[in-house]
Amino acid sequence: MAVKIITSANFEAEVLNAKEPVLVDVWAPWCNPCKMLSPIVDEVAEEAVGFSVGKVNADENQELVNRFHIMSIPTLLVFKNGELVNKSVGLISKDEVKALLA
């Protein structure tokens, strides 16, 4: 499944109103750990069954960064039924990303 680009404008529709759980990667183009995590998130998205994956550019969506009190990136957020149920800050392995969704 392709990674969705999440913005402040489509966040409610793509994440909060999603039928399945959503993994959201909050990143920025200048962030080196984000660049290392991105291919891992892309791999998880390719293998996604029963959940979707989206990415939020922190620089372009400051409202979402503030709303979820994101102090460091990369940050992974997991939403189920419109609720934030899990969070991870920093570079983690593919297995750790999958564990967030379990």
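Please refer to the structure higher up on the page.
Residues numbered from 1 in each chain as written. Predicted model: local features only at pLDDT ≥ 70, side-chain atom pairs only at ≥ 80, totals over all residues. Heavy atoms only, no water.

Turning our eyes to something else, we now look at the side chain of serine 88. Inspection of the secondary structure assignment puts serine 88 in strand β5 (residues 83-89). Among all residues touching serine 88, those that are not within four sequence positions of it are Pro74, Thr75, Leu76 and Leu100. (Helix = DSSP H or I, 4+ residues; strand = E, 2+ residues; numbered from the N terminus. Contact = heavy atoms within 4.5 Å.)

What follows covers the pairing of β5. Taken together, the six bridges between strand β4 (residues 75-80) and β5 define a ladder with antiparallel strand orientation. Bridge pairing links lysine 80 to glutamate 83 in β5. Adjacent in sequence and paired antiparallel, β4 and β5 are bridged by two residues, among which asparagine 81 carries a positive phi angle near 50 degrees. (Pairing = 2+ DSSP bridges.)

Of all six residues making up strand β3 (residues 52-57), six are buried, and the element is well covered by its neighbours. Pairing of strand β1 (residues 4-6) with β3 involves three bridges; the strand directions are parallel. Paired with isoleucine 6 across the bridge in β3 is valine 56. With six bridges connecting them, strand β2 (residues 22-27) and β3 associate as parallel partners. Bridge pairing in β3 places aspartate 25 opposite lysine 55. (Buried < 20%, exposed > 50% of the residue type's maximum accessible area, 1.4 Å probe, protein only.)

Another point: the environment of valine 97. Along the chain, valine 97 turns up in helix α4 (residues 94-101). For valine 97, a relative accessible area of 0% gives the class buried. The spacing of valine 97 and valine 15 is 82 residues in sequence and 18 Å in space, taken between C-alpha atoms.

Here the bond from isoleucine 73 into proline 74 is cis, since omega is 0 degrees, no more than 30 degrees from zero. Relative to the assigned elements, proline 74 resides in the loop between α3 (62-67) and β4. Its identity as a non-glycine residue notwithstanding, histidine 69 has a phi of 55 degrees, on the positive side. As for its placement among the helices and strands, histidine 69 is situated in the loop between α3 and β4.

Ranked by size, the top nonpolar core spans 16 residues in total, and within it Phe11, Val15, Val24, Val26, Phe68, Leu77 and Phe79 carry the most contacts. Elements with a contribution of two residues or more to this core: α1 (11-16), β2, α3 and β4. Not counting the four nearest positions on each side in its chain, valine 15 is found in contact with Ile6, Asn10, Val22, Val24 and Phe79. With 15 residues, the next largest nonpolar core counts Leu37, Val41, Ala45 and Leu101 among its residues. (Core = buried A, V, L, I, M, F, W, Y, C linked by side-chain atoms within 4.5 Å.)

The geometry of an aromatic ring pair comes down to the distance between the two centres and the angle between the two planes. Summed over the entire model, instances satisfying the criterion amount to three aromatic pairs. Relative to phenylalanine 79, the ring of phenylalanine 11 lies with its centre 5.6 Å away and its plane at 80 degrees, an arrangement referred to as edge-to-face. Note that phenylalanine 11 is positioned in helix α1 and phenylalanine 79 in strand β4, a separation of 68 residues in sequence. Here the two residues phenylalanine 11 and phenylalanine 79 agree in accessibility, since each one is buried. Ring centres 5.3 Å apart and planes at 80 degrees place the aromatic pair phenylalanine 68 and phenylalanine 79 in the edge-to-face group. With phenylalanine 68 in the loop between α3 and β4 and phenylalanine 79 in strand β4, the pair connects residues that are 11 residues apart, well separated along the chain. Judged by its relative accessible area of 1%, phenylalanine 79 is buried. Through successive ring pairs, a cluster of aromatic residues spans Phe11, Phe68 and Phe79. (Phe/Tyr/Trp six-rings, centres within 6.5 Å; stacked < 30°, edge-to-face > 60°.)

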